[in-house]
Amino acid sequence: MATWRDQVALVTGGGRGIGRAIARRLAREGASVCVNYLARADAAESLVADINANGGRAIAVAADVADDAAVEGMVDRVAATFGGVTILVNNAGVSHQATLESYDQEKLQRMRQVNADGVIHTTRAVMTDMRRQKYGRIVNITSIAALGTALPGNAFYAATKAEAQILTLRFAMELGPFGITVNAVAPGFIQTDMTHGTDENAWKERAQKLASAAMLGRVGEPDDIANAVAFFASPDSGWITAQVLAVDGGRMDYLGR
Ligand code: NAP
């Protein structure tokens, strides 16, 4: 029977925001954790130092999830340090606001490569070990934008997240026979660097508006998402797969205009 102490977790984009809360939570449950980052080594290293100082096991590894060779190198490094990855959390993501008017193919292509191709690269990189172990938990962080509810300017971002969502369902089918579960958590509006922007007042106003539209009367915190991820990643969740869980404070009826 697998326990949390046997788990080796890879959290992409684990240094900041939602990923940071997920990495911290999985470490607290007892997993060894690889905190992946793209550019902000400072953030990833500070989390790793914190986890290790508190009796956990963590390393930080830089890799662009859009680059499949870099992802393979990262997964090899995790295996050499902790053993094969048993929990993969595809959290790394970028959001470029654009409308049909302001569409910029290059920027949007890059967003697709990170948000959708990244999920393919990491899943392919961990699946050999997971299949061999006949065990694995994969959790993809999508968005309620993929469910059709979205703020204006999010159409192309939503499309990348919809791709990640359908990959979740299809990969669950492919990997199920090997004891590997694949699920998605679809966050609503969460307070992170991604949503903050530069204008503090505009941000507060927006957060307040969204909070009042939520059934639970507030916007989300990264820990709200980490909690759902820990549920899917748990050794006990071995008969739950191909699910998309919206964690949004109950504002699915919200259509931003
Ligand atoms: P964030 O604060 O902007 O953090 C993004 C993280 O992703 C950073 O750690 C960043 O690394 C990493 N990253 C970006 N591109 C990467 C790449 N190519 N390779 C590896 N890592 C990369 O974002 P967040 O709000 O925490 O969002 C996390 C996930 O939740 C994303 O997938 C996002 O789309 C999704 N989401 C967020 C919200 C929300 O309201 N915040 C809602 C729905 C869904 P560095 O630290 O090195 O820059």
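Figured I'd write up the structure that's included with this text. (Residues numbered from 1 in each chain as written. Predicted model: local features only at pLDDT ≥ 70, side-chain atom pairs only at ≥ 80, totals over all residues. Heavy atoms only, no water.)

Turning our eyes to something else, we now look at the packing of helix H3 (residues 68-82) against helix H4 (residues 105-133). Two measures define how a pair of helices packs: the angle their axes make with one another and the distance between the axes. In the contact formed by H3 and H4, the axes pass within 9 Å of each other and the chain directions differ by 35°. When you trace H3 past H4, the crossing you get is right-handed. Contacts between H3 and H4 pair Asp68, Val71, Glu72, Val75 and Ala79 from the former with His121, Thr122, Ala125, Val126 and Asp129 from the latter. Of the residues in the contact of H3 with H4, the class split is five nonpolar, two polar and three charged. (Axes fitted to C-alpha atoms, helices over the stretch in contact; angles between N-to-C directions. Helix = DSSP H or I, 4+ residues; strand = E, 2+ residues; numbered from the N terminus. Left-handed = near helix turned anticlockwise from the far one by under 90°. Contact = heavy atoms within 4.5 Å. Nonpolar A, V, L, I, M, F, W, Y, C, P; charged D, E, K, R; others polar.)

By nearness alone, 31 residues border the ligand, and Ala39, Asn91, Tyr157, Ile190 and Thr192 come closest of all. Interatomic distance of 2.8 Å between a side-chain N/O atom of Arg16 and an oxygen atom of the ligand. One of the side-chain nitrogen or oxygen atoms of Asp64 is found 2.9 Å away from a nitrogen atom of the ligand. Contact with the protein chains removes 95% of the 900 Å² of surface that the ligand exposes when unbound. A molecule is said to occupy a pocket when more than half its atoms come within 2 Å of that pocket's grid points, and by this definition the ligand occupies the largest pocket. For the shell around the ligand, the secondary structure elements donating two or more residues are helix H1 (17-29), strand S2 (32-37), H4, helix H5 (155-175) and helix H6 (193-196). A per-element tally of the shell around the ligand places H6 first, with three residues. (Near = heavy atom within 4 Å. Polar contact = N/O pair within 3.5 Å; in protein donor to acceptor, adjacent residues only side chain to side chain. Areas by Shrake-Rupley, 256 points an atom, 1.4 Å probe, with all protein chains shown as cover. 1 Å grid on protein atoms, 1.4 Å probe; cavity = no way out; pocket = protein on both sides within 12 Å on 5 of 7 lines; lining within 4 Å. Sits in = over half its atoms within 2 Å of the grid points.)

A separate point is empty space enclosed by the protein. Applying the stated criterion across every chain yields a total of one cavity of 30 Å³ or more. Approximately 60 Å³ is the volume attributed to the largest cavity. Together, Thr12, Val65, Asn90, Asn91, Ala92, Val114, Asn115, Gly118, Val119, Ile141, Lys161 and Ala164 line the largest cavity. Counting residues per element, the ones that place at least two in the lining of the largest cavity are H4 and H5. The greatest single-element share of the lining of the largest cavity, amounting to four residues, is contributed by H4. (Points joined across faces, edges and corners; volume = space filled by probe spheres on them.)

Its 13 residues give helix H2 (residues 41-53) an end-to-end C-alpha distance of 18 Å, which sits within 8% of 18 Å, the value for a rise of 1.5 Å per residue. All buried positions along H2 are accounted for by Ala43, Ala44, Leu47, Val48 and Ile51. Looking straight down H2, one finds its buried side chains confined to an arc of 130°; they lie on one side. Buried residues along H2 sit in contact with H1, S2 and strand S3 (57-62). (Expected span 1.5 Å × (residues − 1). Buried < 20%, exposed > 50% of the residue type's maximum accessible area, 1.4 Å probe, protein only. Arc of directions from axis to C-beta.)

A few words now on the nonpolar core. Within the largest apolar cluster, 33 residues are counted, with the highest numbers of intra-cluster contacts made by Ile22, Leu26, Val33, Val89, Val185, Ile225 and Val229. For this core, the secondary-structure elements that each account for two or more residues are strand S1 (8-11), H1, S2, H2, S3, strand S4 (87-90), strand S5 (136-141) and helix H8 (222-233). Here this core takes seven residues from H8, the largest share from any one element. The residues contacting Val185, other than those within four sequence positions of it, are Val139, Asn140, Ile141, Thr142, Ser143, Ile225, Ala228, Val229, Phe232, Leu245 and Val247. (Core = buried A, V, L, I, M, F, W, Y, C linked by side-chain atoms within 4.5 Å.)

A complete count under the given rule lists nine salt bridges for this structure. The partner of Arg112 in a salt bridge is Glu163, and the shortest N-O contact between them spans 3.1 Å. Taken together, the positions of Arg112 in helix H4 and Glu163 in helix H5 put the pair 51 residues apart, joining distant regions of the chain. Take Glu163: its relative accessible area is 23%, and that puts it in the partly exposed class. Bridged by salt links that share partners, the residues Arg112, Asp117 and Glu163 form one connected network. (Salt bridge = Lys/Arg side-chain N within 4 Å of Asp/Glu carboxyl O.)

Across the sheet, seven strands lie side by side as S3-S2-S1-S4-S5-S6-S7; this open sheet has parallel pairing. Strands at the two margins of the open sheet, each flanked by one partner only, are S3 and strand S7 (244-247). Strand after strand, the sheet turns through a mean of 20° between neighbouring axes, direction not considered. In this structure, S4 lies alongside S5, joined through four bridges in parallel fashion. Across the sheet, Asn90 pairs through a bridge with Asn140, a residue of S5. Contacting S1, S2 and S3, H3 runs over the sheet at an angle of about 160° to S3. (Pairing = 2+ DSSP bridges.)

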